[in-house]
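A look at the structure
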Amino acid sequence: MAPSLVTAHRVPLLMASGWMGFTCAGPPTPTPAGSKAGQVPGAQPVEYKLCSFPQTVRHGFPYQPSSMAFDPVQKILAVGTQTGALRLFGRAGVECFCQHESGAAVIQLQFLINEGALVSALADDSIHMWNLRQKIPAILHSLKFNRERITYCHLPFQSKWLYIGTERGNIHIVNVESFTLSGYVIMWNKAIELSTKTHPGPVVHISDNPMDEGKLLIGFECGIVVLWDLKSKKADCRYNYDEAIHSVAWHHEGKQFVCSHSDGTLTTWNIRVPAKSAQIITPHGKQPKDGKKPEPCKPILKVEYKTTRAGDPFMVLSGGLSYDTVGRRACLTVMHGKSTAVLEMDYPIVDFLTLCETPYPNDFQEPYAVMVLLEKDLVLIDLGQIGYPIFENPYPLTIHESPVTCCEYFVDCPAELIPALYSVGSRQKRQGYSKKEWPISGGNWGQGTQSYPEIIITGHADGSIKFWDASALMLQVLYKLKTAKVFEKARSKEEKANTDIVEEDPFAIQTMSWCPESRMLCVAGVSAHVLIYRFSKQEVTTEVVQVGGTNQSVRNIEPPSQPSTGSNSSDGPRDNIACLQVRSSPLKQSPGYQVELVIQLVWVSGEPPQPITSLAINSSYGLVVFGNSNGLAVVDYLQKTLLLNMGTSELYSPSDPYHRQPRSPRKVHIPTGTSCMSRLSNLYSESVKKLRSSHFSKLCYAKDNTFTRSRSSSVTSIDRESRESISAFHFCESYPRKMDGAVGPCLLVGTTQGTVVMVALSLPPAVDQRLQQPVGISSCGTMVTLKGGILTMALLDATGALLPPSFESWYDPNASDEEKEKSRRRRPASPPSSQEGPEAQFAVLCSEKQAKVLAMPSQTRVYKHNITESSFVLRADVVQMAGAYCIACFCANGHIMTLSLPSLRPLLDVNYLPLTDMRIARTFCFSNLGQALYLTSPTEIQRITYSQETCDNRQEMLSELFTPVETPEAPNRGFFKGLFGGGAQSLDREDLFGETGAGKASRSLAQHIPGPAGMEGMKCAASGVVGDLARARIALDERGQKLGELEDRTAAMMASADSFSKHAHDMMLKYKDKKWYQL
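Since the model is a prediction, treat every value here as computed from it, not as a measurement. (Residues numbered from 1 in each chain as written. Predicted model: local features only at pLDDT ≥ 70, side-chain atom pairs only at ≥ 80, totals over all residues. Heavy atoms only, no water.)

Comments concerning the overall build of the protein chain
When helices and strands are counted, the protein chain shows 14 helices and 60 strands. Within the protein chain, contacts between residues separated by at least 24 positions form 61% of all contacts whose residues are at least 6 apart in sequence. A total accessible area of about 46,900 Å² is found for the protein chain, and carbon and sulfur atoms account for 52% of it. (Helix = DSSP H or I, 4+ residues; strand = E, 2+ residues; numbered from the N terminus. Contact = heavy atoms within 4.5 Å. Areas by Shrake-Rupley, 256 points an atom, 1.4 Å probe, with all protein chains shown as cover.)

So this is what it looks like as structure tokens:
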């Protein structure tokens, strides 16, 4: 029966914050006959405290951005997306994510400058007021328009009245304090001339005159601009142009404005001369010599006009290129004086803003930068330096530089790892950035106490691997590794067709295995290649080494019943050909990860090698093991030799009750033009594809709905007709066979049919013999079978503590021999005390359907738990929580569950995230200390937590967006302007728009919706206490300063009065006895 993958209801973005505490005492899941739960070591009661998975932080570039706004006083940037998301950015490390419940696109954002509030307008004709004075912003008010569609919004600086233009051409006014409509309405038929027979179209622009708040400039799509007098409620002037308008920009003196049009022209108008424009220019149009009108260009979508006190003004515009520039990328044009600079962008421009020194529109703007929001990037251009260099972006917005194909998360890593990666990664930084500091510098960092190192590793479609520092809820790229450098690039289509099995992204990373202690890295790619890397701080130039020499690769893993033909001609089937050609010339390798060995599977009998589904590396043994749908291979990377290459059926002994007959793999035709991710889907039958396509609508990287998770078992287990694949590996020190008395190096192998096989490894006893003597490998048969494909395996000691695989401490492979000997130490697999007793170990096995715990070495089952019946587990990991261990599972139906160890008692079951996208399945991963993450969009990583400690400290760990800052002083009007009325004219909007002056608005026009008032909102509001205290302290300081100034002025006035009294008394004595005619 097909599992149910998706639930039919919508899960709110921020889960409830109630905590769940569980005690793992009491009767466990039923055990086999003869074994009692109380007699099993390690079943002590353990107190687990888990929270219900609140989201902590979201990293990466906002997916599908649609609008942005900037607060020039708070220095905060807001970006809205087509999915209703809000991302707010301050200084490096200060980020915040919010989501509108409706999911409608954000069409415009408006800050209440220096007020800690933001207004968002959505495509569903609703506007929302966000409170930014708390760490988790919340909606205070909402207003939903019922009869008109919102097209444009404008909020004047230091005003509480928001102008809203609609598709019908009307303008409504909203009080942002109460979020109620004013009775004052500007109707389109009153704004345009009565003689006009056609509708002017939607409102595309609203702004007030910088020098006269009583004059409102309204731009209609058809090309009409109206200067509206708010007091007299009539149009002062009308400006007509025969091309559609896209944007309007004022000169700061309020005497001129500029319009951008759909034919690539800019028109400049004097407000007192509406009959004819003062100037018409086509910035990118070819000027004919005969004086005719220039050829039309593409629309200028936006223009901004910014003045400077000491030089020429800046005019910045997007679009307007000539139609003959076919294929040219999007450009931003900066016009300054007589110079015009055209800046090419990597992606289409969504919006741009010119950053200025002053928030006042009636002063010289003094622009210093242009912020450009692209479809997949955020660029900040320095206007103050020659050549307009860009600022170095401090945000982690390059996750999607190449599509993410896999992801791993490591918490509580060795402390020296992050500095080591940062030291080699700092040399990879680009040059030529602006020398100025990043101007978006608002907010404050969180005050969390958690300080353990966290590292995220992402694999990408172009073969690159990025290491990220994810400590303290921040994200910073540390180091980038390019695996494609190891291979030659195909020079022609013919050469490519003969070697590659995929046309697009042949170097894409499919799965990774990383040992943080030894810093060994092993990656597998979609072209059935495996690369082994060592970490070194020194630069070297070496030859690239392949297993078996430069011209040989590992034979394709096939059952022995499939002999190869040995043909390599162009006419016959391809045989013994690797998918990629390894670089033949010496490779210069910079400090960081340097390739140690290359392993490639080859074509056999005209069939391409099957993708690698599982991978593991062990630095203590010097071994790498990988498997696919045909079998497994073990490689000794120290001796550069292939130790084992066998089919899955060969793992079973003839007497094994779980032995299966080898099945010949079906031949699959792979079209030449399919992408690498599409190719992986050929492993599964059409029935599985139809099952998945009925549940999943999107894929983050592939062109169709294909499941490309590194562990592909979750889908192959549904298709019982498919061959048995290798799905999981685990190196360990355990008992190879039943009732063995001593532990030894072992390898656990899990398959998609739920079988777990123990493989014994025989290593040379002396370290100095390791490079001379071969490693012995022997299969010990099947341990146990589970329902569904095996996902994860682990070992516990008698006390329930995890026994991690042994590892070799890191040493620099290019260092001297003496330094190598000092640093090379082999860590014992486990303390001797834990190996005593009849049942000294527990084997933890988890599949897509159930989990089992076996006592070792007897291999008897002591605990069993059926995880799910109607769905299947996509990801399972054994993680540490509060000093104990548990199994964390993520199911296809969106449930996240945790089971105690070793008793397998359910601790948590939360319906967190219905699986609507295969991207989540491929990238979801758990880590220690209650952390998890997944790729929530092609450009963003979402981190969640199931640790109560993190939940309790989350409020302190989150950054604070709003900080108390004084608003700059208004520009000085000057003596003559103040005397003769030449300065800015103010307007009492309260009298004009209030209920007493304008009356009540129609109730049916819009519906007021109060903001959420739940416990989470109350907790968030409580976080603003510190900010309120700071603001109160500043207010008291300002009051004290003003009182001091008043006291000084009072003292001066008293001294002046005393002096005047003295002089008056002297004058009285002087003229006291004189007659009036003597004066």
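Moving on from the model shown.
Here's the deal with helix α2 (residues 417-425)
For α2, the set of buried residues is L417, I418, A420, L421, V424 and G425. For α2, the angular spread of the buried residues around the axis is 165 degrees, confining them to a single face. Contact partners of the buried residues in α2: β32 (454-460), β33 (464-469), β34 (476-482), β35 (509-515), β37 (529-536) and β40 (592-600). (Buried < 20%, exposed > 50% of the residue type's maximum accessible area, 1.4 Å probe, protein only. Arc of directions from axis to C-beta.)

A look at the pattern of salt bridges
A full pass over the atoms with the stated rule returns 26 salt bridges. Residues E539 and K588 are paired through a salt bridge, measuring 3.6 Å at the closest nitrogen-oxygen approach. Residue E539 is located in the loop between β37 and β38 (540-542), and its partner K588 is located in strand β39 (residues 587-589); the two are separated by 49 residues in the primary sequence. A relative accessible area of 45% means that E539 is categorised as partly exposed. For K588, a relative accessible area of 56% gives the class exposed. For R875, the salt bridge identified is with D877, shortest N-O distance 2.8 Å. Bridged by salt links that share partners, the residues R58, R87, E95 and E940 form one connected network. (Salt bridge = Lys/Arg side-chain N within 4 Å of Asp/Glu carboxyl O.)

A few points about the sheet that holds strand β44 (residues 641-647)
Strands sit in the order β41-β42-β43-β44 across an open sheet of four strands; the sheet is antiparallel. Both edges of this open sheet fall to β41 (614-618) and β44, since each of them pairs with a single strand only. Neighbour to neighbour, the strand axes of the sheet diverge by 10 degrees on average, direction disregarded. With five bridges connecting them, β41 and strand β42 (residues 623-627) associate as antiparallel partners. What sits directly across from A616, in β42, is V625. (Pairing = 2+ DSSP bridges. Axes fitted to C-alpha atoms, helices over the stretch in contact; angles between N-to-C directions.)

Overview of the UniProt feature "repeat: WD" (unreviewed entry) in the protein chain
If you check UniProt for "repeat: WD" (unreviewed entry), the listed places come out as residues 238-272 in our numbering. Secondary structure across residues 238-272 divides into 0% helix and 57% strand, with the first and last C-alpha atoms of the span separated by 10 Å. (UniProt positions renumbered as here; feature names shortened; annotations may be inferred.)

Considering the environment of A892
With respect to the helices, strands and loops of the structure, A892 is situated in the loop between β54 (884-891) and β55 (895-900). Look at A892 and you get buried, because its relative accessible area is 0%.

Topic: unusual backbone geometry
The peptide bond linking M856 to P857 adopts the cis configuration, its omega dihedral lying at 10 degrees. For P857, the position within the fold is in the loop between β51 (850-856) and β52 (860-866). In this model, L901 is joined to P902 through a cis peptide bond whose omega is 5 degrees. When you line up the elements, P902 lands in the loop between β55 and β56 (906-911).

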